[in-house]
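# Survey of secondary and tertiary structure
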Amino acid sequence: MSEPGERTAPIVMLDLDAQQRAIGPVMGERIAQVLAHGKFILGPEVQELEEALAQRAGVRHVITCANGTDALQLILMAWGVGPGDAVFVPSFTFTATAEVVALLGATPVFCDVREDTFNLDVESLEREVVKVLEDGRLIPRAVIPVDLFGLPADYGRIQAVADKYRLRVLADAAQSFGADSDGTAVGALAEATATSFFPAKPLGCYGDGGAVFTDDDDLAELLRSIRVHGKGTDKYDTVRLGMNSRLDTLQAAVLLAKLTVFDEEIAGRQEVAARYSDGLEGVSGIATPPRDASAWAQYTLRVTHPSTSRDELGSRLAAAGIPTAVYYPRALHDQPAFSGSDWTAPDAATSTALASTVLSLPMHPYLDAVQSRIVVDAVRLAIAGG
Ligand SMILES: *Cc1c(COP(=O)(O)O)cnc(C)c1O
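Overview of the structure. (Residues numbered from 1 in each chain as written. Predicted model: local features only at pLDDT ≥ 70, side-chain atom pairs only at ≥ 80, totals over all residues. Heavy atoms only, no water.)

### What about the overall build of the chain?
To keep things clear, this is the line we draw: Put simply, DSSP marks the helices as runs of H or I at least four residues long and the strands as runs of E at least two long, and each gets a number from the N terminus on. The atom set for the radius of gyration is the C-alpha atoms, and the globule formula is 2.2 Å times the number of residues raised to the power 0.38. Throughout, exposure labels follow a simple rule: accessible area from a 1.4 Å probe, protein chains only, divided by the maximum for the residue type, with under 20% read as buried, over 50% as exposed, and the rest as partly exposed. The contact criterion used is simple: two residues touch if any of their non-hydrogen atoms lie within 4.5 Å.
Helices and strands together make up the secondary structure of the chain, namely 12 helices and 12 strands. Radius of gyration (C-alpha) of the chain: 21 Å, near the 21 Å computed for a compact globule of 386 residues. Dimensions of the chain, computed from the C-alpha atoms along their principal axes, are close to 65 × 60 × 35 Å. Burial analysis of the chain (386 residues in total) assigns 54% to the buried set. Of the contacts formed within the chain by residues at least 6 apart in sequence, a portion of 71% connects residues at least 24 apart.

Structure follows, in structure tokens:
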């Protein structure tokens, strides 16, 4: 148990100051170089970053872009996804996963997730595909598994369903870059992968950023065109409709500096997660997340207590000085923007239930052993008081 009044730094959800101290002068040097050369759009750091990321993930191509949402959209555009197409998405995810599908005129078909991993339920996926085929109005085109909270989805089983029904697989790895699954890095687990460098993601920049990972040479070439207004060989040659979605050179420089500590940060997150899971093992009224290799974007509990609600646990922790967050308070098929569709997943009961039972604890690589113990003790005390 922690002593009352024990002295420690305040516990925060994300500690960018500690990270800056760990990176040291490299960040300033990287930024100064960009200011000196002045190539703010598609400058040399962008290509350097793309090569570093491709090498890290073990893929042939990385195409950076303006944010993770665009990364998803660019891939769907390159595949020609549009009206009449069904794209299968989990209902328990950030809105961007389904938003890009709808923006392109295609139909997001919501599937349920698993209670234990928070990731796409493969049986639900197959059920929804069969429903779409039986209904006959839409053509099943793609599935977007999400690696929620940093844990890679079950790509082996998802790919088997995708092969059976000829679906393309787009991995939404916005939260999982840095993780791997049985030795294969995130980025190489699906034919195309989208990630985000939003500041709160495991690898975050100082603004917006995103990237696509793929081994497909043709897709890579298309993406490089689409991210610059559908350019051909020349910038003022417009061969298709595209977007303006480039990663700023300054953000690439920030990410190159952050990559110097990224391996240690992922290891640090894993340590924090292990301390939480050890400290909370067997505590009744909460369920801890799987211990499998994850990038640990979040450490998310499920509150299963018969009389203490998720919100009650959150307020007791807040009173004890422990911040928490709810990702996500509403399943997408229950959101006004999507609820008018014919495909609003009446079978996504787990997604609906998770929205009112999940609670994320502070998670960042600089949360030390004392702070982790304070969090664990506070959770144990708060749930026992219910
Ligand atoms: C953050 C996130 C996105 C979008 O990334 P942005 O860079 O914010 O556009 C997409 N999907 C998931 C699951 C995310 O967590």
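Structure shown, so let's carry the discussion forward.
### What to know about the site of the ligand
The condition is simple: Residues are counted as near a molecule or strand when any one of their heavy atoms sits within 4 Å of it. We define a polar contact as two N or O atoms separated by no more than 3.5 Å, with the added condition that, inside protein, one atom must be a possible hydrogen donor and the other a possible acceptor, whereas residues neighbouring each other in sequence contribute only through side-chain atom pairs. Residue exposure ignores everything except the shown protein chains as possible cover, and the areas themselves are Shrake-Rupley values with a 1.4 Å probe. Classification convention: Asp, Glu, Lys, Arg as charged; Ala, Val, Leu, Ile, Met, Phe, Trp, Tyr, Cys, Pro as nonpolar; all other residues, Gly among them, as polar.
Surrounding the ligand, one finds 15 residues, the nearest of these being G68, T69, Q175, S196 and K201. One of the side-chain nitrogen or oxygen atoms of D172 is found 2.8 Å away from a nitrogen atom of the ligand. One of the side-chain N or O atoms of S196 is found 2.7 Å from an oxygen atom in the ligand. Relative to its unbound accessible surface of 380 Å², the ligand loses 93% to contact with the protein. Listing elements by their share of the shell around the ligand, those giving two or more residues are helix 4 (68-78) and helix 5 (96-103). Tallied by class, the residues present in the shell around the ligand amount to 5 nonpolar, 8 polar and 2 charged.

### What to know about unusual backbone geometry
Looking along the chain, the bond that leaves Y327 and enters Y328 is cis, with omega of 5°. As for its position among the elements, Y328 is in the loop between helix 10 (310-319) and helix 11 (349-355). Phi is positive for L42, which is not a glycine, with a value near 50°. Within the fold, L42 resides in the loop between helix 2 (26-37) and helix 3 (44-57). Within the chain, F149 stands out as a residue other than glycine whose phi angle is a positive 60°. Note that F149 resides in the loop between strand 4 (139-143) and helix 7 (155-165). Note on F149: relative accessible area 4%, which makes it buried.

### With respect to the packing of helix 9 (residues 249-280) against helix 12 (residues 369-384)
As a reminder, the rule being used: Each axis is a line fitted through C-alpha atoms, taken for helices only over the stretch in contact, and angles between the N-to-C directions span 0 to 180 degrees. Crossing handedness is read from the near helix: turned anticlockwise from the far helix by less than a right angle, it gives a left-handed crossing, and turned clockwise, a right-handed one.
At a minimum axis distance of 10 Å, the contact between helix 9 and helix 12 shows a crossing angle of 35°. Relative to helix 12, helix 9 is oriented so that their crossing is right-handed. Together, V272, R275, Y276, G279 and L280 of helix 9 and A369, S372, V375, V376, V379 and R380 of helix 12 make up the contact between the two elements. Class assignment of the residues belonging to the contact of helix 9 with helix 12 gives a composition of 7 nonpolar, 2 polar and 2 charged.

### Structural notes on the pairing of strand 5 (residues 168-172)
For clarity, the cut-off: Two strands make a pair as long as DSSP finds a minimum of two bridges between them.
For strand 5, the buried fraction is high: 4 of the 5 residues fall into the buried class. Bridging between strand 4 and strand 5 involves 2 bridges; their strand directions are parallel. Note on strand 5: the bridge partner recorded for V143 is V169. In this structure, strand 5 lies alongside strand 8 (residues 192-196), joined through 3 bridges in parallel fashion. Residue D172 lies in a different strand from strand 8, and its bridge partner there is A194.

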